[in-house]
Amino acid sequence: MSQNETLFPAIGSLAVKADESVVPVEKTDDVEDKVVQEVASLCMNCREEGVTRLMLTSIPYFREVIVMSFRCEHCGTSNNEIQSAGKIQEEGALYTARILARSDLDRQIVRSPSCEIIIPELDLTLPPTSRGQLTTVEGLIRDVYTDLNMDQPLRRIQDPEGYATIQGLVEKLKAILGDEDEDDDETKMGEINAVKAADKDAPLQPFTLKLDDPAGNSWIEFMASMADPKWNMRQYRRTLEQNVALGLISADQAASTTGESTTAKEGDEITTEAVTDDEVFVFHGHCSSCGHPLDTMMKKVTIPYFKDILIMSTNCDRCGYRDNEVKSGSAISEQGKRITLKVEDRDDLSRDILKSETAGLSIPEIDLVLQHGTLGGRFTTLEGILNQVYEELSEKVFAQGDASKKSEKVDFETFLKNLKEASDLSVKNAERPFTVILDDPLANSYMQNLYAPDPDPNMTIEMYDRTWDQNEELGLNDIKVEGYEEDAKKEEELAKEDGVADSS
């Protein structure tokens, strides 16, 4: 058993241990035998002594956390929070969930102290807080509703305009929760409603919930698998300001690194010659994980029977952050490409695969669907990319808790098992063939043909015309490479005419 498993046992095993325990807490002398550690703490409400309970646990498919609960027996004050016990992730994460039905209110949320929550339809932004939170979408909405509604009577007298603005938001949150007028008093008193918002028959106005966490330690649950059309995850590199806010780099160091020029110096040689395969270019920048200076190297590689690509590699000597990215080195294709491969033996898993940042990947036999852009650009083998998907899901996915259904938990565990078998046992023994579909609207993806230059009997390549929506998503509908100078002149003339008309 590893050290992490000893310090942070699974939350399920702690629950079983608590149920099997028959010894009263006050009679337990061995602190290590206690499921929950208790610490005497000062109550900030009445200044008497209260009790803080700490539970170190690990959430399956997510990471280690510390659950804390405080209660004062003198005044009844209670407080609960959750803190991440893991490290700050190498990249930030933005999770987006479309709440279209009342069942979506049961989606579970892990919110770290550095997470910002945004609901665009309500013009609502919750800034980072001093404590983490483990809740559901309903719990989050109810907390906001309670906090805003608490001071409304006083605000109505002191600030009528502010009262009217906030009351409009309160009414929208109340409609989402499906609460009736007679439930207001119970909500204000902090009592728990007997009926969950997800089980009510009231209509729900759809809205979007975004979790933006530069530390990458927040999460919102998806339904069944990552193919959930109402769920999306995007990882991004942190800015220098975000690294300062997280404490990864001091403000003085940030000021000094910002002052350093990263542009070409006067003595640097500038050339317009074509890039050769032997050249390695170096770009100066800052580490998105720790904020210190580093170099990104780029090299052009020619893939036989395909096209030129650019491989970019980043390695930070300070924190160990590493990142590899693949980009196309050719023009935008007029058509998209769909590659279908029948995987029948171990040799098929050794095929080289280039998945561009715009490509999607799916395996119908195990219901695996990676939306376009997931995992970014990758140049690896088929086995390697399946292992990356498995590690990404098994480490970060949160599929446990009171709001999750048992059937969903079983389905997800079966999905992970099938995904692991797809890259390991079943294919190795040729017991379970499967199909891999690589769909790239820009045709910048590639899968190795073992019979090149002859056709591969197990691989099908299909070229197709992109739809208008695909071109719009890729920004191709607004691209104009010819005659744009004339359009710019016309816009300038119109602007001048408008200025003359306004002055007159």
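Residues numbered from 1 in each chain as written. Predicted model: local features only at pLDDT ≥ 70, side-chain atom pairs only at ≥ 80, totals over all residues. Heavy atoms only, no water.

### A few points about a negative patch on the surface
Here is step 1: The grouping of E491, E492, E493, E497 and D498 at the surface amounts to a negative patch.
Here is step 2: Its place among the elements puts D498 in helix α14 (residues 484–503). (Patch = residues over 30% accessible without salt bridge, like charges linked within 9 Å, V, L, I, M, F, W, Y side chains within 5 Å. Areas by Shrake-Rupley, 256 points an atom, 1.4 Å probe, with all protein chains shown as cover. Salt bridge = Lys/Arg side-chain N within 4 Å of Asp/Glu carboxyl O. Lys, Arg positive; Asp, Glu negative; His and termini not counted. Charge placed at Lys NZ, Arg CZ, Asp CG, Glu CD. Helix = DSSP H or I, 4+ residues; strand = E, 2+ residues; numbered from the N terminus.)

### Notes on the pairing of strand β5 (residues 92–99)
Here is step 1: Within β5, 7 of the 8 residues are buried, leaving the element largely enclosed by the surrounding structure.
Here is step 2: Where β5 lies against strand β12 (residues 231–236), 6 bridges are found, and the strand directions are antiparallel. Residue pairing in the sheet places G92 in a bridge with Y236 of β12.
Here is step 3: Bridge count for β5 against strand β10 (residues 207–213) is 7 bridges, and the pairing is antiparallel. (Buried < 20%, exposed > 50% of the residue type's maximum accessible area, 1.4 Å probe, protein only. Pairing = 2+ DSSP bridges.)

### Quick notes on the confidence of the model for the protein chain
Here is step 1: Per-chain confidence: the protein chain averages 77 in pLDDT, with 75% of residues scoring 70 or above.
Here is step 2: Residue range residues 22–32 is modelled with pLDDT below 50. Its contacts to residues more than four positions away, or to other chains, number 6 contacts.
Here is step 3: pLDDT under 50 marks residues 261–267. Its contacts with residues more than four places away, or in other chains, come to 1 contact. (pLDDT = per-residue confidence, 0-100. Contact = heavy atoms within 4.5 Å.)

### Topic: the nonpolar core
Here is step 1: One finds Y95, V137, F207, L209, L211 and I220 to be the most contacted residues of the largest nonpolar core, which totals 33 residues.
Here is step 2: Non-local contacts of L209, meaning those with residues more than four positions away in its chain, are made with Y95, T96, A97, I109, I117, I118, I119, V137, L140 and I220.
Here is step 3: In terms of nonpolar packing, the next biggest core, distinct from the first, is built from 23 residues, I353, I366, V436 and M447 among them. (Core = buried A, V, L, I, M, F, W, Y, C linked by side-chain atoms within 4.5 Å.)

### Details of the side chain of T296
Here is step 1: Assignment of secondary structure puts T296 in strand β14 (residues 293–302).
Here is step 2: For T296, the side chain forms a polar contact with the side chain of T314, separated by 3.0 Å.
Here is step 3: The residues touching T296, leaving out its near neighbours within four places in the chain, are F281, V282, F283, M312, S313 and T314. (Polar contact = N/O pair within 3.5 Å; in protein donor to acceptor, adjacent residues only side chain to side chain.)

### Examining the packing of aromatic side chains
Here is step 1: Following the criterion strictly, the structure yields 5 aromatic pairs and no others.
Here is step 2: Each ring, one from W219 and one from F222, has its centre 5.9 Å from the other, and the planes form 70°; the classification is edge-to-face.
Here is step 3: Judged by centre distance (5.5 Å) and plane angle (55°), the rings of W219 and W231 are tilted. Linking W219 in strand β11 (residues 219–220) with W231 in strand β12, this pair joins segments that are 12 residues apart in sequence. In terms of burial, W219 and W231 fall into one category: buried.
Here is step 4: Taking the ring centre of Y464 as reference, the NZ or CZ of R338 above it sits at 4.5 Å. (Phe/Tyr/Trp six-rings, centres within 6.5 Å; stacked < 30°, edge-to-face > 60°. Lys NZ or Arg CZ within 6 Å of the ring centre and 35° of its normal.)

### Observations concerning the environment of K417
Here is step 1: Within the element layout of this structure, K417 appears in helix α11 (residues 406–422).
Here is step 2: Considering only alpha carbons, one finds K417 and I366, 51 residues apart in sequence, at a separation of 9.5 Å.

### Quick notes on the sheet that holds strand β18 (residues 352–355)
Here is step 1: Strand order in this open sheet of 3 strands is β21-β18-β23, and the pairing throughout is antiparallel. Edge positions in the sheet fall to β21 (378–381) and β23 (446–447), since each has one partner strand and no second.

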